[in-house]
Each structure stands twice: as structure tokens, then as C-alpha cells.
Amino acid sequence: MEFLSQMWSLLGLLTILQNVLPTQLLSLLHSLWQSLQDSLTPYSYFDVPEFLGSAAVEPNALYRHVQLYLHRSLLLSSPPPPRLTLSLPRSAAAGPGASATPAPPSVSLSPNHSVADTFSGHRAVWTHHADTLQDSLEERRSFSLRLPKRHAAAVLPAYLAHLAAAADHLERSSRARRLHTNAASPRGSAAWASVPFCHPATFDTLALDPALKARLLADLTAFAEGREFYRRTGRPWKRGYLLHGPPGSGKSSLIAAMANHLRYDVFDLELTRVATNADLRALLIQTTNRSLIVIEDIDCSLHLTGDRGLASERLHKRRKLHAAAYEDDDSSDSDDDAGGDGADNHRGKVTLSGLLNFTDGLWSCCGEERIIVFTTNHVDGIDPALLRPGRMDVHVRLDACSAHAMRELVQRYVGVGDHEMLDAAEDSIRGGAEMTPAEVGEVLLRNRDEPGTAVTELAAELKARRNAADDLQWEDSAAELSDGSPMKKGRKGMGWEGKVRMLGRLRSLTKSESGRR
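Naming follows an unreviewed UniProt entry, where the chain appears as AAA+ ATPase domain-containing protein of Panicum miliaceum. In UniProt, the chain has this text filed under Sequence similarities (unreviewed entry): "Belongs to the AAA ATPase family. BCS1 subfamily." Quoted verbatim from the Catalytic activity (unreviewed entry) heading of the UniProt record, the comment on the chain is "ATP + H2O = ADP + phosphate + H(+)".

**Q** I'd love a proper account of the side chain of Asp383, names of residues and values included.
**A** The residue Asp383 is located in the loop between β14 (370–376) and α13 (384–387) in this model. Overall, the relative accessible area of 4% leaves Asp383 in the buried class. Polar side-chain contacts of Asp383 include one of 2.8 Å to the backbone nitrogen of Ala385.

**Q** I'd like to hear about the sheet that holds strand β11 (residues 238–244), residue by residue, with values.
**A** Strand order across the open sheet formed by seven strands is β10-β9-β12-β13-β14-β11-β15, with mixed pairing between neighbours. Of all the strands in the sheet, just β10 (192–196) and β15 (394–397) have a single pairing partner and so form its edges. Across the sheet, the mean angle separating the axes of adjacent strands is 20° when strand polarity is ignored. Two strands pair when backbone bridges link them, and strand β12 (residues 265–268) and strand β13 (residues 291–295) are joined in this way by four bridges, in the parallel orientation. Bridge assignment links Phe267 to a residue of β13, and that residue is Ile293. The sheet strands contacting helix α7 (residues 251–262) are β11, β12, β13, β14 and β15, and the helix crosses β14 at an angle near 170°.

**Q** Can you tell me about empty space enclosed by the protein, naming the residues and giving the values?
**A** One pass over the structure, following the stated rule, counts two cavities of 30 Å³ or more. Volume-wise, the second largest cavity comes out at about 30 Å³. In terms of lining, the second largest cavity is formed by Lys238, Leu284, Ile293, Phe358, Ser364, Arg370 and Ile372. Of the residues that constitute the lining of the second largest cavity, the class distribution is four nonpolar, one polar and two charged.

Each value, and the rule that gives it
Residues numbered from 1 in each chain as written. Predicted model: local features only at pLDDT ≥ 70, side-chain atom pairs only at ≥ 80, totals over all residues. Heavy atoms only, no water. UniProt positions renumbered as here; feature names shortened; annotations may be inferred. Helix = DSSP H or I, 4+ residues; strand = E, 2+ residues; numbered from the N terminus. Buried < 20%, exposed > 50% of the residue type's maximum accessible area, 1.4 Å probe, protein only. Polar contact = N/O pair within 3.5 Å; in protein donor to acceptor, adjacent residues only side chain to side chain. Pairing = 2+ DSSP bridges. Axes fitted to C-alpha atoms, helices over the stretch in contact; angles between N-to-C directions. Contact = heavy atoms within 4.5 Å. 1 Å grid on protein atoms, 1.4 Å probe; cavity = no way out; pocket = protein on both sides within 12 Å on 5 of 7 lines; lining within 4 Å. Points joined across faces, edges and corners; volume = space filled by probe spheres on them. Nonpolar A, V, L, I, M, F, W, Y, C, P; charged D, E, K, R; others polar.

Right, here's the structure in full:
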């Protein structure tokens, strides 16, 4: 009781002093008391407010990093903190275009509670503060970090770098991604429209050659983790891919798998909807970091290969017009007007130089961590200027199904890994039969409830294509015999009928040999 009486007396004295002493003196005493506490405590404290400055309008990026980092730490901590806050934003609820699997709720540390973390053998304690402002419903939120005072100066920079890297990784893996496309719009108003990106393709679902898959994954991972390398070498942080091959070979699925692997947004650029080079540049500026910019069927989008020839022709014409100006001023005026119109028409279209600047010019460096992907069915139709490294760095040929890819598709679609007809299908592929992944997938899809029928029909289709390829090869050989081939020159006395009979005997001998094998 005596101790309590002394405490009440001390509190009463403090109350009297607070009412009697000047405000400046009270502030000084409070500062001295805080300094005494700081000198006696073995810890250092660091505050991370949600907003910067007295106006509290500029968000503090470090506060966001701490939030994301603690989200992961809280889920892994054992035992968990005594009180957590769960939340599910309205945007995460199921809706049009949303994923069938609902998003998990986010976890955060409740106000005025703490959670411990360990880094390099040192214990760090985070505390979440939420103070309600006087005469207001608003809260002022912040985090405070407690570190051992003796090691704080050495530990803090490395710990914050670790925290930022972990938060960046979590933000990549959890953020909602979108698929953008440029809409046809009047000149000067180029813009993107977007929908949620929900494509299911991944590298695990792609039927690719294992060596090609490993090479692509290694290249993409090195690019995503190459911030310091690109800064050190002075290169823009971007990379160009060219995917080429027949229709149905999986170019679009590979693009989706790349986007899902990197957690990037996708900007599907339709060049035929872009009116001018200026609009193309405006669209580039509006793309975000960590994005795939896709230009499909580049050989069909625009007639770009003739731009340089047209430019050379216009330059020659302009020189002739300037030379004629000394002889006839009137004609030069009219000719200059005509030349100007031609130049304006040229500027009113997307040109090869405009596309080159888009992929490799100064304007292409207005953002970071971008991949530009071109696709084509006919690589020979692309101007060589676009194909060089720096514009299309990685060339990927996607062709008909290999035996490995065919077996992988059969396993994934109908769950068959071993079947006698699979061996026959492999023999047909090695014998020259060609089916794209899309064609193989269609055969399996329509028989997905009957695995045996699916494999049998696939083997039959491949065999028919092998026979067709053999027939075409023999027809080509017959055509060679009929016009100036070396065999014809060696058998001058042989007529057309004799050549056909000889060809037939060769073919029968080949089939009999294969039958004996």
C-alpha cells in the first residue's frame, strides 16, 4: 500500500508540474528523458511511416516493401503472431474474366502487435503502429524496426536490400496481370485497352524439345535477374525474340508460357491499326515495365521491306527537283508541292525505320524489363534489318511434332504412356510424317474419353501422311528423270516407259527391303 501511495503522489506531482511548467521546458525534459532511455537500451529503433512529409500525401515505398515482406514472413512464422488481420479486396472476388480459383485472403500484422525475424544471425522485431488522429477518423500507420544496437549499422543496409528483393519477388508472383491490345482510333489518340490475362499455358504444359525448353527457361531467367548486368554494361534492359514456324506449331502458347513464367503483362500490338510512326511511339511509351510486347505475323502486318527503296527513290527525285529549281522557279514550286505531298504520305504510315526505332532506338529505352516478341510463318519475308541481334536476339524455330513431343501430348491429353501404336506413330514421324502440335492435339481431344481409339487414330493419321510424303518423293524423283537429271544423261537410250519401269522396280525393292527388316 505504501508503494501505491508513493506512485499516486508522484503522478500528482507530475500533473502539477505539467500544468505549471512552460511548454518549452516540458519538451526539453521529455527529450532528455528519451535520450536517457536511448542511451540505456541495447536496441536501435527505426520508424517506417506509410507516408512521407508533414502533409502525408507521398507514399513511402519502403512501407509497401515491409508490408509485402511481412506478409510472407507471417505465413511462414512458427508459432504465428498472436493477432493477424485478414482481408480480401473486392477486386479479388470472382467475376467476369476472373480465375475459377478464388484468390486467398491477404494477411497483415494487426495494429500494435509485433513479429520477430532473423537475418544473418541477428534478431529483428517489427511492430505495426496505427494511431488515430485527434478529431478525425483517419489513421496514421507505420512500422518500427528494432535491431541490436551494436550491429545495427552493419546489418541494416544488407537487411533492407534482402527485404526489398523478397518484396519484389512476392509482388511479381501475386500481382494481377492483364492482356492489352491497341484499338483502332483516330490519329493522335493511340491507346491500349485491356482484359485480365488468364491463359493457362506454362512451360510444363508445352510439348517442346527438352533442350530447347531448358535453353529458353535459362535465357528468360537470366534476363529477369539481369538488372545489375544491364546497368553495368550500359545496355537497355530489353530482349527480342523471333518465333517462326508453320501455323499450329505453338507460337502463341509459347508466348503465354513466357508471360506466365515471368509474371509479365502482355501488350499485343496490331500494327495494321497504327496510323503513323508517332502513334507507334505513343503506344510504346504507354507500355509498362515487366511486359511482353507481341507483334504477331510481322511478315503480313505491313509491307516494310520496300520502305528503304521508296525512301531512296524519293531522295533521288528530290535532288532532281532541286537541280531544276535554278532553271524554272515556277515548275520547282509545283514539283516541290508534289514532293511534299509524297513525303507527308510517307510520314502518315508506319515505316520500317519507325519499327526499327520502336525495337532498338532511343524511344525503346523509355522503360525497363521488356521483351519484344515477333512471330511469323515465313521468316524469309522479314527484312534483314529486323533480324539482327539487338532487335531479334533469340530465334526460335517451332516445327512439326517430334517423337518426344508427340508422346508428351498423348500422355497429357489421354494419359497413355506406353502403347504399341505409339511405336508405330514414332516410326511414321521418323519416316517423314509431319503433324503440328495443334493437329495432334485435335486428334487426341476429340477422342479424349477413349484413349485407345485416340492413339490408334493418331498412328493411322501419321501413317497416311508418311505414305503421302513417300508418294510425293517418288513423284519428284520421276519428274527429275523426265528432265535433264544425271540419271537421264547416263541412260540416253531409255525412253519414258523404261524410266517408269525402272523407278517401279527400285520402289518395289525398297519396300521389300523394309519388309524384311
